[in-house]
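Chain by chain, the residues run as shown.
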Amino acid sequence: MKRYFPFFLILIILSLTFIFPSVDYKDTGHPNFNTGDIAWMLMSTALVLIMTPGLAFFYGGMVNKKNVISTMLQSIVCMVIITVMWGIFGFSLAFGDSFYGIIGNPSTYFMMKGMLGNATWKAAPTIPLLLFAMYQLKFAIITPALITGAFAERIRFNSYIIFLVLFSIFIFSPLAHCTWHPDGILAKFGVLDFAGGTVVHMSAGWAALASALYLKRRNEANHAPARITYVMIGTGLLWFGWFGFNAGSAFGANALAVTALATSTTASAAAGVTWIFFDMLLGRKPSAMGTCIGAVVGLVAITPAAGFVSVPHSLAIGIISAVVSNLVVEWRTRTSIDDTLDVFPCHGVGGMVGMLLTGVFASQQVNHGNTTGNGLFFGETHLFIVQLVALVCVSIFAFFGSLLLLKITDMISPLRVSAEEEEQGLDISQHGEKL
């Protein structure tokens, strides 16, 4: 039965394409489409998509040689599974008509209905609604992929697929709706998350910590990165794609996109150089791995703040996040927590630092759409309190919600591979392939 069920789901999807062709044309009058904005958002959508293969290289180079293919595939498979889900009901869960500011109505855009014609999204009135949906899809793809670094080298592939589906439905979609839908409870509360510090990095970081605790330590203590060159390639692809991630979240080819692009690259650079200099301060050699991790941490931390802070403050965010994440990585190594690739110290902690520093450095002079207020640096406290309360609430929801989903997944299909399969390596035991 287990063999037949997945393909049976494919047949159901095939049937839905005949029942719901979604060819209805929506005419809202005179659209305000801007070809420059459309061109930039098409490019941004492609840029964000390339981040997932970049992440595959980034993670794949860090694991043992016998687990490179399985680790990379865990990222790539998100591209196919989440895309299908998004087209059927995922976009509706995140951006459909609001149920109490918590989740979207799955029928609002079921099977992408209402996407033809000149329909738009409220926050992006100069681009077609379908383009907005495809752009947001790329965020939905990379979020569960980020978690995979925490349970690398010990999770069954079939069970992972079940978990990523459950995570996308019950963790990512509610957080996206709460934060980015105009009627979402966090949006109404005044939370600032320009491009996903809360929705993407904190949710993935806390899910990673829950996964590391639930699956416990690997049986093999030795950890030798297979290809540091892969890590460097992955870093380049991530940094490149992050311009779509952050600058694209301005939803247009405008001055705000320029600001987000500038703050993103400066924060990443500051974090990368801070990481290696901090390593040297602690008596370590400056390493390629450390430089790459630091650069990514800077990108993570600037994500919620990219369109709300100035370039000098983006440098501060990069420097502070690198030091904090470095210290948490060092702390993690002295515990029994086996977060294989330090997803929580880098993405979870980096996202939280970025969210709090948004409450410190955000300026309404940078983004006039920021109606919550200025940050602590400018003598105001309201925004910082809003960010702090949201951080606590999102952390509790993402961590305990992920623990529950892991338990449910484990009941459906055991999460961990056997000791023999782990020793053999997941490339062979799960996929019958090897480098």
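In the block above lies the structure referred to throughout.
Here is a short report on the structure shown in this document. If you're wondering where the values come from, they're calculated on a predicted model, not measured in any experiment. (Residues numbered from 1 in each chain as written. Predicted model: local features only at pLDDT ≥ 70, side-chain atom pairs only at ≥ 80, totals over all residues. Heavy atoms only, no water.)

1. Brief notes about the overall build of the chain
As a reminder of what qualifies: Working definition: helices are DSSP H or I runs of at least four residues, strands are E runs of at least two. Numbering for both runs from the N terminus. Our radius of gyration is a C-alpha quantity, and the globule rule it is checked against amounts to 2.2 Å times the number of residues to the power 0.38. Contact definition: two residues touch when any of their heavy atoms are within 4.5 Å. Residue burial considers only the protein chains on display, and all accessible areas are found by Shrake-Rupley using a 1.4 Å probe. This count recognises Lys and Arg as positive and Asp and Glu as negative, with His and chain-terminal groups excluded. Charge positions are represented by NZ for Lys, CZ for Arg, CG for Asp and CD for Glu.
The number of helices and strands found in the chain is 15 helices and 4 strands. Over its C-alpha trace the chain gives a radius of gyration of 21 Å, about what one expects of a compact globule, namely 22 Å for 435 residues. Along the longest, intermediate and shortest principal axes, the C-alpha atoms of the chain span 65 × 60 × 35 Å. In the chain, 78% of the contacts between residues at least 6 apart in sequence involve partners at least 24 apart. Accessible area of the chain: about 17500 Å², with a carbon and sulfur share of 70%. Between the averaged position of the 22 positive side-chain charges in the chain and that of its 21 negative side-chain charges there is a distance of 5 Å.

2. Examining the environment of Thr126
Within the fold, Thr126 resides in the loop between β4 (116–117) and α4 (129–147). Residues Thr126 and Met289 lie 163 residues apart in sequence; the distance between their C-alpha atoms is 41 Å. When near neighbours in sequence (up to four residues on either side) are disregarded, Thr126 contacts Asn32, Phe33, Asn34, Asp37, Ile38 and Phe251.

3. Structural notes on a nonpolar patch on the surface
Selection rule: Only residues whose relative accessible area exceeds 30% and that take part in no salt bridge are eligible for patches, with like-charged residues grouped when within 9 Å of each other and nonpolar side chains (Val, Leu, Ile, Met, Phe, Trp, Tyr) grouped when within 5 Å. Within this document, salt bridges are pairs made up of a side-chain nitrogen of Lys or Arg and a carboxyl oxygen of Asp or Glu, the two lying within 4 Å of each other.
A contiguous nonpolar surface patch, about 1100 Å² in accessible area, is contributed by Phe5, Phe7, Phe8, Leu9, Ile10, Leu11, Ile12, Leu14, Phe18, Ile19 and Phe20. Positionally, Phe8 belongs in helix α1 (residues 4–19).

4. Notes on the pattern of salt bridges
The line we're drawing: For every residue, the accessible area (1.4 Å probe, protein chains only) is compared with the maximum for its type, and the residue is labelled buried under 20%, exposed over 50%, or partly exposed between those bounds.
A full pass over the atoms with the stated rule returns 9 salt bridges. With its nearest N and O atoms 3.9 Å apart, the salt bridge here joins Asp338 to Arg154. One end of the pair, Asp338, is in the loop between α11 (311–333) and α12 (343–361); the other, Arg154, is in the loop between α4 and α5 (157–180), with 184 residues separating them in the sequence. Here the two residues Asp338 and Arg154 agree in accessibility, since each one is buried. The closest approach of N and O atoms between Arg416 and Glu422, which form a salt bridge, is 2.6 Å. Residue Arg416 is classed as partly exposed on the basis of its relative accessible area of 25%. Looking at Glu422, the relative accessible area reads 5%, which means it is buried. Connected through shared salt-bridge partners, Glu153, Arg154, Arg218 and Asp338 make up one network.

5. As for the side chain of His313
Locating His313 in the fold gives a position in helix α11. Given a relative accessible area of 12%, His313 falls into the buried group. Setting aside anything within four residues of it in sequence, one finds His313 in contact with Phe361, Phe377 and Phe378.

6. Observations regarding the packing of helix α3 (residues 68–95) against α4
Put simply, the test is: Axes here refer to lines fitted to C-alpha atoms; in helices the fit is confined to the stretch in contact. Angles between the N-to-C directions go from 0 to 180 degrees. Just so you know how the angles are binned, under 35 degrees is roughly parallel, over 145 roughly antiparallel, 65 to 115 roughly perpendicular, and the rest oblique. Crossing handedness follows the turn of the near helix against the far one: under a right angle anticlockwise gives a left-handed crossing, and clockwise gives a right-handed one. Put simply, Ala, Val, Leu, Ile, Met, Phe, Trp, Tyr, Cys and Pro go in the nonpolar bin, Asp, Glu, Lys and Arg in the charged bin, and everything else, Gly too, in the polar bin.
Across the interface, α3 lies against α4 with an axial gap of 8 Å and an inter-helix angle of 130°. Judged by the angle between their axes, α3 and α4 are oblique. When you trace α3 past α4, the crossing you get is right-handed. When α3 is examined against α4, the residues Ser75, Cys78, Met79, Ile82, Thr83, Trp86, Phe91 and Phe95 are found in contact with a partner set consisting of Leu129, Phe132, Ala133, Met134, Gln136, Leu137, Ala140, Ile141, Pro144 and Ala145. Within the contact of α3 with α4, the residues separate by chemical class into 15 nonpolar, 3 polar and no charged.

The values are spatial; any link to function lies outside them.
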